[in-house]
Amino acid sequence: MSTYALPTALAEIVDDFQALSEPERLQLLLEFSRGLPELPERLQDHPELLEQVVECQSPLFLTIETEKNDGGPSAFRLFFKAPPEAPTTRGFAGVLHEGLDGLTAEEILAVPDDMPELLGLTRAITPLRMRGMTAMLGRIKRKVAASARLQS
């Protein structure tokens, strides 16, 4: 699959990963781990507002919020909580945050389910961790689809 079907920011991230050797890809994943934003204050003390992605080896929680656009389709904001001692999980969350945050339901739902494989990490990361990233993307897409149905 090529990156042409991906939203621009996500396609650029995939291109960055594909341009690197495998060890360099792991380093880039660690950079995304360090760049994952902290939860906003309104979510920090309310774990009930976050949903755990149980398929991840490390505890990862996420939620989405809808942001209304004047006259246009709503944008979706993504929020993740992952422990610092889980850099792979945080890195995957960072990739999805940077690549999908602020997009519309149509853009997010069009992302292919196998997008995590495009990062070229399948030999460097265990299959269980790769399934975790696929599950994160799937959970985001399910939450966005449900929210979009409620809005229409």
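A brief report on the enclosed structure follows. (Residues numbered from 1 in each chain as written. Predicted model: local features only at pLDDT ≥ 70, side-chain atom pairs only at ≥ 80, totals over all residues. Heavy atoms only, no water.)

**Details of the packing of aromatic side chains**
All told, the structure shown has 1 aromatic pair when counted by the stated rule. Measuring from ring centre to ring centre gives 5.9 Å for Phe-17 and Phe-32, while their planes differ by 20°; the resulting arrangement is stacked. Of this pair, Phe-17 sits in helix H1 (residues 8-18) while Phe-32 is found in helix H2 (residues 22-35), placing the two residues 15 residues apart along the sequence. A relative accessible area of 0% places Phe-17 in the buried class. (Phe/Tyr/Trp six-rings, centres within 6.5 Å; stacked < 30°, edge-to-face > 60°. Helix = DSSP H or I, 4+ residues; strand = E, 2+ residues; numbered from the N terminus. Buried < 20%, exposed > 50% of the residue type's maximum accessible area, 1.4 Å probe, protein only.)

**Topic: the pairing of strand E3 (residues 75-81)**
Within E3, 5 of the 7 residues are buried, leaving the element largely enclosed by the surrounding structure. Sheet topology note: the strand E2 (residues 61-67)/E3 ladder contains 7 bridges and is antiparallel. Of the residues in E3, the one forming a bridge with Thr-66 is Phe-76. (Pairing = 2+ DSSP bridges.)

**With respect to the sheet that holds E3**
Judged by pairing direction, the sheet is antiparallel, and its 4 strands sit side by side in the order E1-E2-E3-E4 without closing on themselves. Single-partner strands in this sheet number two, and they are strand E1 (51-52) and strand E4 (103-104). As paired strands, E3 and E4 are joined by 2 bridges and run antiparallel to one another. By the bridge assignment, Phe-76 is partnered in E4 with Leu-103. Sheet contacts for helix H6 (residues 127-151): E1, E2 and E3; angle to E2, the most-contacted strand, approximately 30°. (Contact = heavy atoms within 4.5 Å. Axes fitted to C-alpha atoms, helices over the stretch in contact; angles between N-to-C directions.)

**Observations concerning a negative patch on the surface**
Taken together, Glu-12, Asp-15, Asp-16 and Glu-98 make up a surface patch of like negative charges. Considering every element that reaches the negative patch, the biggest residue donor is H1, with 3 residues. By the secondary structure assignment, Asp-16 is in helix H1. (Patch = residues over 30% accessible without salt bridge, like charges linked within 9 Å, V, L, I, M, F, W, Y side chains within 5 Å. Areas by Shrake-Rupley, 256 points an atom, 1.4 Å probe, with all protein chains shown as cover. Salt bridge = Lys/Arg side-chain N within 4 Å of Asp/Glu carboxyl O. Lys, Arg positive; Asp, Glu negative; His and termini not counted. Charge placed at Lys NZ, Arg CZ, Asp CG, Glu CD.)

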